[in-house]
Amino acid sequence: MYAVTGATGQLGRLVIAALKEKGLGVQTIALARDPSRSADLGIPTRPFDYDKPETLQPALDGVEKLLLISGSEVGKRMPQHKAVIDAAVRAGVKHIVYTSLLHADTSEIALAPEHRETEDALKASGLDYTFLRNSWYTENYTGNLGAALANGAIVGSAGEGRLNTANRGDLAQAAANVLTSDGHAGKTYELGNDEAYTLAELAAEVSRQSGKAVVYNNLPKDEYAKILEGIGLPAPLADLLADSDAKAARGALADQSGALGELLGRPTQTLQQAVAEALG
Ligand SMILES: NC(=O)c1ccc[n+]([C@@H]2O[C@H](COP(=O)([O-])OP(=O)(O)OC[C@H]3O[C@@H](n4cnc5c(N)ncnc54)[C@H](OP(=O)(O)O)[C@@H]3O)[C@@H](O)[C@H]2O)c1
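Let us look at the structure shown here. (Residues numbered from 1 in each chain as written. Predicted model: local features only at pLDDT ≥ 70, side-chain atom pairs only at ≥ 80, totals over all residues. Heavy atoms only, no water.)

A look at the overall build of the chain
Here is step 1 of the chain: Within the chain, the regular secondary structure consists of twelve helices and nine strands.
Here is step 2 of the chain: Here the chain has a C-alpha radius of gyration of 19 Å; the compact-globule value for 280 residues is 19 Å, and the two agree.
Here is step 3 of the chain: Projected onto the principal axes, the alpha-carbon positions of the chain cover approximately 55 × 35 × 35 Å.
Here is step 4 of the chain: Expressed as a percentage of the 280 residues in the chain, the buried residues total 52%.
Here is step 5 of the chain: Total accessible area on the chain stands at roughly 12,200 Å², and carbon and sulfur atoms take up 51% of it. (Helix = DSSP H or I, 4+ residues; strand = E, 2+ residues; numbered from the N terminus. Rg over C-alpha atoms; globule rule 2.2 N^0.38 Å. Buried < 20%, exposed > 50% of the residue type's maximum accessible area, 1.4 Å probe, protein only. Areas by Shrake-Rupley, 256 points an atom, 1.4 Å probe, with all protein chains shown as cover.)

Next comes the structure, spelled out in C-alpha cells:
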C-alpha cells in the first residue's frame, strides 16, 4: 500500500492522479490535514496533520511506501517531518520517499537547512529512504505572466543564472514512478529539467509566443523583495524568494544530472512548452 502526504496540495494532487493513471488508486491512501477537501481525489483519505503527532501513526497503518511531501510552513518543518518519520517507524512503514530541495546538502538557498536536516533524520531512522531533490517549480516563474505582459517586463534577481527548474507535473510523475518501482532505496535524485534557461531567455520566449515585447529586468534583491511585498507577499516570504533568486544568479538552481528525464523515461518539459502552457 502507498500513501501520499500533502494530498490536497498542488503536487500531491498530481502524484495521486499519476498513481491512479497507473491503475494503483486502489492501493493508495491520501493523507490530508483536512479530509473534507479531498473528496474529488476519488481514493480513501485519512486525516494527517504534521502538527498533531497523535494522528500520524494510526493513519500509516498498513502503509509500505510513503511519499512525504515537505510541509509548507517554513521554519516549522523540521519538527513536523520528524514527527512523521517517527510515526512511520512505529507504524512499520518500510520506505519513505521525501521531496527535498535541489542540492540540499550544499545549497546556499535559505530553505535548504530544513531539507538537509530532514534527510539526516531519514538516514538515521533505519527506514529505506529516497530523496527527490526537487528544483524550483517552473510555475514559480511562469505563474504570473499576465503581469509580465501588462508591464512588458519580467523582474527578478537571478541575473544570468542558468535555471534547471521543473514543472510540478513532471516532478509528480517522477515521484509516482519512484514510489511504484524498485531499486531506489538509498538513492538521491537531483531533479531539474534537461534544458536550462535564463530569465532573459524566458522573457524572449514569452515575447515570441505572445507577440508582445517583454524584457527581463534584473534588480538588486532588496528591490525585488519590495516588489514582491507590493503584490501582497508577506515580507519574510518576499525576502526568501528574492534571496533565492540572488543565489540562483550564482548557480543554485542549475543541475545537469539529467535524472528527471531518466526517471520519466522521456524528455522533461521544455521552456517553449512551459510558456505555451502558461499563456493558455
Ligand atoms: N520547488 C519549489 O519551487 C517549491 C515551491 C513551493 C513549495 N515547495 C515545497 O514543496 C511542497 C509541495 O509543493 P506544492 O506546490 O504542492 O505546495 P502546496 O500546494 O502549498 O501544498 C503543500 C501541502 O502541504 C500540506 N501541509 C502543510 N502543512 C501541513 C501540516 N501541518 N500537516 C499536513 N499537511 C500539511 C498542505 O495541506 P493543505 O492541503 O491542507 O493546505 C498541502 O497539501 C511544499 O509544501 C513545499 O515544501 C517547493
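Back to the write-up after that little detour.
Brief notes about a negative patch on the surface
Here is step 1 of the chain: A contiguous patch of negative charge on the surface is contributed by Asp222, Glu223, Glu229 and Asp239.
Here is step 2 of the chain: Looking at the negative patch element by element, the count peaks at three residues for helix H9 (residues 221-230).
Here is step 3 of the chain: Topologically, aspartate 239 is positioned in helix H10 (residues 235-248). (Patch = residues over 30% accessible without salt bridge, like charges linked within 9 Å, V, L, I, M, F, W, Y side chains within 5 Å. Salt bridge = Lys/Arg side-chain N within 4 Å of Asp/Glu carboxyl O. Lys, Arg positive; Asp, Glu negative; His and termini not counted. Charge placed at Lys NZ, Arg CZ, Asp CG, Glu CD.)

Re the site of the ligand
Here is step 1 of the chain: Taken together, 23 residues form the shell around the ligand, and within it Thr8, Leu11, Ser70, Gly71 and Arg168 come nearest.
Here is step 2 of the chain: Arginine 168 places a side-chain nitrogen or oxygen 2.8 Å from an oxygen atom of the ligand.
Here is step 3 of the chain: The protein chains hide 83% of the 880 Å² of surface that the ligand would expose on its own.
Here is step 4 of the chain: The set of elements that each furnish at least two residues to the shell around the ligand consists of helix H1 (10-21) and helix H3 (77-91).
Here is step 5 of the chain: Tallied by class, the residues present in the shell around the ligand amount to six nonpolar, ten polar and seven charged. (Near = heavy atom within 4 Å. Polar contact = N/O pair within 3.5 Å; in protein donor to acceptor, adjacent residues only side chain to side chain. Nonpolar A, V, L, I, M, F, W, Y, C, P; charged D, E, K, R; others polar.)

Focus: the pattern of salt bridges
Here is step 1 of the chain: Within this structure, the stated rule accounts for 15 salt bridges.
Here is step 2 of the chain: One salt bridge connects arginine 13 with aspartate 40, and the closest N-O pair in it is separated by 2.7 Å. Pair noted here: arginine 13 is in helix H1 and aspartate 40 is in the loop between strand E2 (28-32) and strand E3 (45-47), with a separation of 27 residues, a long-range link.
Here is step 3 of the chain: We classify aspartate 40 as exposed; its relative accessible area is 56%.
Here is step 4 of the chain: Residue arginine 77 pairs with glutamate 114 through a salt bridge whose shortest N-O separation is 2.9 Å. Of this pair, arginine 77 sits in helix H3 while glutamate 114 is found in helix H4 (residues 112-125), placing the two residues 37 residues apart along the sequence.
Here is step 5 of the chain: Using a relative accessible area of 12% as the deciding quantity, one classes glutamate 114 as buried.
Here is step 6 of the chain: Members of the salt-bridge network, linked through shared partners, are Arg33, Asp51, Glu73 and Lys76.

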